[in-house]
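Chain and residue survey
Below are the chains, spelled out letter by letter.
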Amino acid sequence: MPARFIHVSFTSPAGSVERTMTVEETLNLMAKHAPIPELLEALIFLELDRMVQGHYQGSDWSITCRAVDVPPSTH
């Protein structure tokens, strides 16, 4: 099964990221910056492997994402 790509805008106190990445890369990014209880709630809410688009606001971080059809040319 090919990797699913998501365009992500992620903001936390450590900085922000806006780029297209795989679901696995998105999960790794979130795991580094989101508290575990919020991370689990966000993952359930967003369903990154199935959703088309979504937004989640944590205590001091947020993520907005949307599925894209093709991988980025610079990936």
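Summary of the structure given here. All of these numbers come straight from a predicted model, not from anything done at the bench. (Residues numbered from 1 in each chain as written. Predicted model: local features only at pLDDT ≥ 70, side-chain atom pairs only at ≥ 80, totals over all residues. Heavy atoms only, no water.)

Now for the environment of His 55. If you trace the backbone, His 55 turns up in strand E3 (residues 53-57). With sequence-adjacent residues up to four places away left out, His 55 is seen in contact with Phe 45, Leu 46, Ser 62, Ile 63 and Thr 64. Engagement of the side chain of His 55 in a polar contact is seen with the side chain of Thr 64, the distance being 2.6 Å. (Helix = DSSP H or I, 4+ residues; strand = E, 2+ residues; numbered from the N terminus. Contact = heavy atoms within 4.5 Å. Polar contact = N/O pair within 3.5 Å; in protein donor to acceptor, adjacent residues only side chain to side chain.)

A few words on the sheet that holds strand E2 (residues 15-22). If you walk across this open sheet you meet the four strands as E2-E1-E4-E3, and the pairing is antiparallel. In this open sheet, the two edge strands, each paired with only one partner strand, are E2 and E3. When strand polarity is set aside, the average angle formed by the axes of neighbouring strands in this sheet is 10 degrees. Inspection of the sheet shows strand E1 (residues 5-12) paired to strand E4 (residues 62-68) by seven bridges, in the antiparallel sense. Bridge pairing links Phe 5 to Val 68 in E4. (Pairing = 2+ DSSP bridges. Axes fitted to C-alpha atoms, helices over the stretch in contact; angles between N-to-C directions.)

Attention shifts here to the packing of aromatic side chains. Here the distance between the centres and the angle between the planes together describe a pair of aromatic rings. Inspection of the entire model under this criterion finds three aromatic pairs. Ring centres of Phe 45 and Tyr 56 lie 6.1 Å apart, and the angle between their planes is 55 degrees; this geometry places the pair in the tilted category. Taken together, the positions of Phe 45 in helix H2 (residues 36-46) and Tyr 56 in strand E3 put the pair eleven residues apart, joining distant regions of the chain. The exposed category is assigned to Phe 45, whose relative accessible area is 56%. Owing to a relative accessible area of 9%, Tyr 56 belongs among the buried residues under this scheme. Put simply, the rings of Phe 10, Phe 45, Tyr 56 and Trp 61 pair up and form one aromatic cluster. (Phe/Tyr/Trp six-rings, centres within 6.5 Å; stacked < 30°, edge-to-face > 60°. Buried < 20%, exposed > 50% of the residue type's maximum accessible area, 1.4 Å probe, protein only.)

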